[in-house]
Amino acid sequence: MAALAVGSCRRAQCANPIPPALAAERLCLGHFLDEAFLRADHTLDRCREGCAINASELEWLLADALAIVNNLDDEMAGPSLDLRDRMLELLLILANLHEYVAHHSVRLEYLA
Ligand SMILES: [Zn+2]
């Protein structure tokens, strides 16, 4: 596991290794999950309130974050139970978001 790490997390005072699936995000798994939860919750709230959704944010959540979590599952030799639970929870939120977007008309905003 340590041999696979690609540097350490960009969050201040976090020395956790970055798994290869998170190289582009430069976050350790715990901090990636924190960030993904916040962004997914926020986006889902905006959907439910009928607000316009940032297209690239939605794309990040439904493509990148989903792929990352799926890769992590293959790649990590037994993440702790706690992290595994949070990964599953995140997948559930992303699935809800996907479902919501598929069945409601969501306004997208394209920001530079
Ligand atoms: Zn970290």
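As a reminder, the structure under discussion sits directly above these lines.
Only a predicted model underlies this, so the values are computations on that prediction, with no experimental measurement involved.

**Section: the nonpolar core**
Here's step 1: If you look at the biggest cluster of nonpolar residues, it comprises 31 residues, and the most contacted ones within it are L29, F32, L33, L90 and L97.
Here's step 2: Only helix 1 (29–48), helix 2 (55–75) and helix 3 (81–103) provide two or more residues apiece to this core.

**So, the coordination of the zinc ion**
When four donors bind a metal tetrahedrally, each ideal donor-metal-donor angle is 109.5 degrees, and when six bind octahedrally, the ideal angles are 90 or 180 degrees.
Here's step 1: The coordination sphere of the zinc ion contains the protein donors C9 (SG), C14 (SG), C28 (SG) and H31 (ND1), at a distance range of 2.0 to 2.3 Å.
Here's step 2: If you look at the zinc ion, its four donor atoms make angles of 104 to 114° with each other, and the shape they trace is tetrahedral.
Here's step 3: We note that the donor set of the zinc ion lies within a single chain, spaced as C-x4-C-x13-C-x2-H. You can see C9 sitting in the segment before helix 1 and its partner C28 sitting in the segment before helix 1, a full 19 residues away along the chain. Each member of the pair, C9 as well as C28, carries the same accessibility label: buried.

**Here we look at the pattern of salt bridges**
Here's step 1: Across all of its chains, the model carries four salt bridges by this definition.
Here's step 2: One salt bridge connects R39 with E35, and the closest N-O pair in it is separated by 3.0 Å. On the criterion of helical spacing, the pair formed by R39 and E35 is a turn pair, its members being four residues apart in helix 1.
Here's step 3: A salt bridge links E57 to R39, with the nearest nitrogen and oxygen atoms 2.9 Å apart. One end of the pair, E57, is in helix 2; the other, R39, is in helix 1, and 18 residues separate them in sequence.
Here's step 4: R39 sits in the partly exposed class, given a relative accessible area of 22%.
Here's step 5: One continuous salt-bridge network, built from bridges that share partners, spans R11, E35, R39 and E57.

Parameters and conventions
- Residues numbered from 1 in each chain as written.
- Predicted model: local features only at pLDDT ≥ 70, side-chain atom pairs only at ≥ 80, totals over all residues.
- Heavy atoms only, no water.
- Core = buried A, V, L, I, M, F, W, Y, C linked by side-chain atoms within 4.5 Å.
- Buried < 20%, exposed > 50% of the residue type's maximum accessible area, 1.4 Å probe, protein only.
- Helix = DSSP H or I, 4+ residues; strand = E, 2+ residues; numbered from the N terminus.
- Donors = N, O, S within 2.8 Å, 3.2 Å for Na, K, Ca; no water.
- Tetrahedral: all angles 85-135°; square planar, octahedral: opposite > 155°, others 65-115°.
- Salt bridge = Lys/Arg side-chain N within 4 Å of Asp/Glu carboxyl O.

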